[in-house]
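# Descriptive analysis of the structure
Here are the chains, one letter per residue:
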Amino acid sequence: MSFLDTVARYLPQVISPTQKKLPLGTKGKWTLIVLLAYFLMKHIPLYGLGSASLSQFASLSVILGADFGSMISLGIGPIVTASIVLQLLNGSGLVKFNTSDSRGRAHYQAINKLLAIAFVVVESAVYVLMGGLSPLESLAGTSLYFTMQLVLIFQLILGGLMIMLLDDLCQKWGLGSGLSLFIAAGVSESLFIRAFSWILPAGADYPAGAFPIILQAFSAGDTGLIMVQLGAIVATIGVFMMAIYFQAMKVEIPLSFGRVRGHGMRWPLNFLYTSNIPVILIAALLANLQLFSSLADNAFGWTWANGISSWLTAPNLIGTMLQAKSLAIGSTIYLQALSYTIVLMAGSV
């Protein structure tokens, strides 16, 4: 037995079902269990957490399926990063796996899981030790501060391993991938809150939801804010309609038969055969880069890291134009939008 086989035996994993094809009801039940467990961990705050400077990256948390300050602060980041690194190593030939047989696939999955666990540990330590998730300020300068840092790291590692197991459970017993499920759950929750929430955030003059903002801005006569919120709503609906249209669109390819003259047919092909997984992978990778560059700036004063990450961040181009009521908003934001689009498209491809 090889070293990988020995290691794979002791890795945490979910047992595969004995049935080749599970009933739809069983898959739906386990998917619901995974979703409930995910939301439960999302609302469990980290014990001993003082300040979370990562909370400023709330938009990135949706991409990562995370909630900074909770048990799932890491989200799917370690899993995605490990998958990308291993695929690059395998594709470049530096590390070769024969995924055409079961043994090679088992080795690939074992290495992938080992890498994901390693990234869970490393990212947990980086988030805490570089000040992204800090212990209570009252403990600063005391002997308990380092102890509480270790407690926070342990909680993050535990949450990261739970996300890995929930993803494994969803893949083997549920419907589709756990990674897509977590992101879809986060996006759905974010859409509902940003559309209908009447809660007033701390230090804000308007509620969190777009429709309540429109009503309050209408009474205040703030037409600029109304235009921004209406633009966000229309853009969201437009993206949904375009996605549904392109997914349902067929391209008919005309075929003719050489042995049967005059006879032909049309073969309908899907316009899109790719899923959203490539976009999720590259978006999560860019989100990780933005997080680490911010942490490096806070911990070591590496302002150049934040400068580079700004060109890999999606700027609020439409919102800025609507707020200014003009297209003349400076060339920098247009160049940032162009660079982000190019990197995202190239990475997805």
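Preceding this paragraph is the structure being described.
What you see is a predicted model; the values in this text were computed from it and never measured. Position labels on residues start from 1 in each chain and follow its written sequence. Local features in a predicted model are, by the rule used here, given only for residues with pLDDT of at least 70; side-chain atom pairs are given and counted only at 80 or more, and totals for whole chains, interfaces and linings are based on all residues. Side-chain metrics rest on all non-hydrogen atoms present in the structure, leaving aside hydrogens and water.

### A short note on the nonpolar core
Here is the rule: Residues belong to a common nonpolar core when they are buried Ala, Val, Leu, Ile, Met, Phe, Trp, Tyr or Cys residues joined through side-chain atoms within 4.5 Å. Each residue is assigned to one of three classes by its accessible area relative to the maximum for its type, calculated with a 1.4 Å probe on protein chains only: buried under 20%, partly exposed between the two thresholds, exposed over 50%. In DSSP terms, a helix is any run of H or I states spanning at least four residues, a strand is any run of E spanning at least two, and both are numbered starting from the N terminus.
Among the nonpolar cores identified, the biggest contains 45 residues, and Val34, Leu64, Ile76, Val80, Tyr127, Ile163 and Phe182 are the most heavily contacted of them. Of all the elements in the fold, those that place two or more residues in this core are α2 (24–42), α3 (58–64), α4 (77–92), α5 (102–129), α6 (144–173), α7 (178–196) and α10 (277–300). The greatest single-element share of this core, amounting to 8 residues, is contributed by α6.

### Considering a nonpolar patch on the surface
Cut-off, in case you're wondering: For patch building, the residue pool is restricted to those with more than 30% relative accessible area and no salt bridge; the joining distance is 9 Å between like charges and 5 Å between nonpolar side chains (Val, Leu, Ile, Met, Phe, Trp, Tyr). For every accessible area listed, the method is Shrake-Rupley and the probe measures 1.4 Å; residues are considered covered only by the protein chains on display. For this document, the term salt bridge refers to a Lys or Arg side-chain nitrogen within 4 Å of an Asp or Glu carboxyl oxygen.
On the surface, Val251, Ile253, Leu255, Phe257, Met265, Trp267 and Phe271 cluster together into a nonpolar patch covering about 600 Å² of accessible area. Of all the secondary-structure elements, those providing two or more residues to the nonpolar patch are β3 (250–256) and β4 (264–270). Sorting elements by how many residues they give to the nonpolar patch places β3 first, with 3 residues. For valine 251, the location among the structural elements is in strand β3. Given a relative accessible area of 33%, valine 251 falls into the partly exposed group.

### Some points on the environment of methionine 148
With respect to the helices and strands, methionine 148 occurs in helix α6. On the accessibility criterion, methionine 148 (15% relative accessible area) is buried. For the pair methionine 148 and tyrosine 273, spaced 125 residues apart in the sequence, the C-alpha separation amounts to 48 Å.

### So, helix α12 (residues 317–324)
The cut-off we apply is this: Contacts are assigned to residue pairs that have any heavy atoms within 4.5 Å of one another.
Turning to α12, its buried residues are Leu317, Gly319 and Met321. Of the surrounding secondary structure, the elements contacted by the buried residues of α12 are α9 (223–248) and α13 (331–348). Following α12 by one or two positions, lysine 325 has its phi on the positive side, about 55°.

### Overview of the side chain of aspartate 168
Mapped onto the fold, aspartate 168 is located in helix α6. In this structure aspartate 168 comes out as buried when scored by relative accessible area, which is 12%. In this view, aspartate 168 contacts Gln13, Val14 and Lys113; residues no more than four positions away in its chain are not counted.

### Let's talk about the layout of surface pockets
The cut-off we apply is this: Space inside and on the surface of the protein is sampled on a 1 Å grid over the protein atoms alone, with a cavity defined as a set of points where a 1.4 Å probe fits but cannot get out and a pocket as an open set with protein on both sides within 12 Å along at least 5 of 7 lines; lining residues have an atom within 4 Å of a point. Grid points are joined across faces, edges and corners, and a volume is the space filled by probe spheres set on the points. Residue polarity follows a fixed list, in which Ala, Val, Leu, Ile, Met, Phe, Trp, Tyr, Cys and Pro are nonpolar, Asp, Glu, Lys and Arg are charged, and the others, Gly among them, are polar.
Its boundaries defined by the atoms lining it, the second largest pocket holds a volume of some 900 Å³. Lining the second largest pocket are 31 residues, and of these Gln109, Asn112, Lys113, Asp167 and Gln171 lie nearest its centre. Looking at the lining of the second largest pocket, the elements that each hand over two or more residues are α1 (3–10), α4, α5, α6, α7 and α10. The element contributing the most residues to the lining of the second largest pocket is α5, with 8 residues. When grouped by side-chain class, the residues that make up the lining of the second largest pocket number 17 nonpolar, 9 polar and 5 charged.

### Observations concerning α9
Spelled out, the test is: A helix is expected to span 1.5 Å for every residue after the first.
Here α9 spans 37 Å end to end across 26 residues, near enough to the 38 Å set by a 1.5 Å rise per residue. Among all positions of α9, only Gly224, Leu225, Ile226, Val228, Gln229 and Ile233 are buried. Tucked into the core, α9 has its buried residues touching α8 (210–220) and α12.

### A short note on the packing of aromatic side chains
Using the following cut-off: We call Phe, Tyr and Trp rings a pair once their centres come within 6.5 Å, taking the six-membered ring for Trp, and we label the pair stacked below 30 degrees between planes, edge-to-face above 60, and tilted otherwise.
Taken as a whole, this structure holds 8 aromatic pairs when the rule is applied. Between tryptophan 30 and tryptophan 173, the ring centres sit 5.9 Å apart and the planes meet at 55°, which makes this aromatic pair tilted. Of this pair, tryptophan 30 sits in helix α2 while tryptophan 173 sits in helix α6, and the two are 143 residues apart along the sequence. Overall, tryptophan 30 belongs to the partly exposed group, its relative accessible area being 25%. A relative accessible area of 21% places tryptophan 173 in the partly exposed class. Their ring planes at 65° and their centres at 5.7 Å tell us that tyrosine 245 and phenylalanine 246 sit as a pair that is edge-to-face. On the basis of relative accessibility, which here comes to 53%, the residue tyrosine 245 falls in the exposed class. The class of phenylalanine 246 is partly exposed, set by a relative accessible area of 28%.

### Re the side chain of threonine 31
Relative to the helices and strands, threonine 31 resides in helix α2. The class of threonine 31 is buried, set by a relative accessible area of 11%. Excluding its chain neighbours within four sequence positions, the residues that come into contact with threonine 31 are Gly174, Leu175 and Leu181.

### Section: the environment of glycine 209
You can see glycine 209 is positioned in the loop between α7 and α8. The exposure class of glycine 209 is buried, given its relative accessible area of 0%. Placed 17 residues apart in sequence, glycine 209 and phenylalanine 192 show a C-alpha to C-alpha distance of 8.1 Å. Not counting residues up to four positions away in its chain, the partners in contact with glycine 209 are Ile193, Arg194, Ala195, Phe196 and Ser197.

### Some remarks on the pattern of salt bridges
In the structure shown here, the tally under the stated rule is 3 salt bridges. Across the salt bridge formed by aspartate 168 and lysine 113, the nearest N and O atoms sit 3.8 Å from each other. Separated by 55 residues along the polypeptide, aspartate 168 in helix α6 and lysine 113 in helix α5 bring together distant segments of the chain. One salt bridge connects lysine 172 with aspartate 168, and the closest N-O pair in it is separated by 3.5 Å. Here aspartate 168 and lysine 172 lie together in helix α6, a separation of 4 residues that amounts to about one turn.

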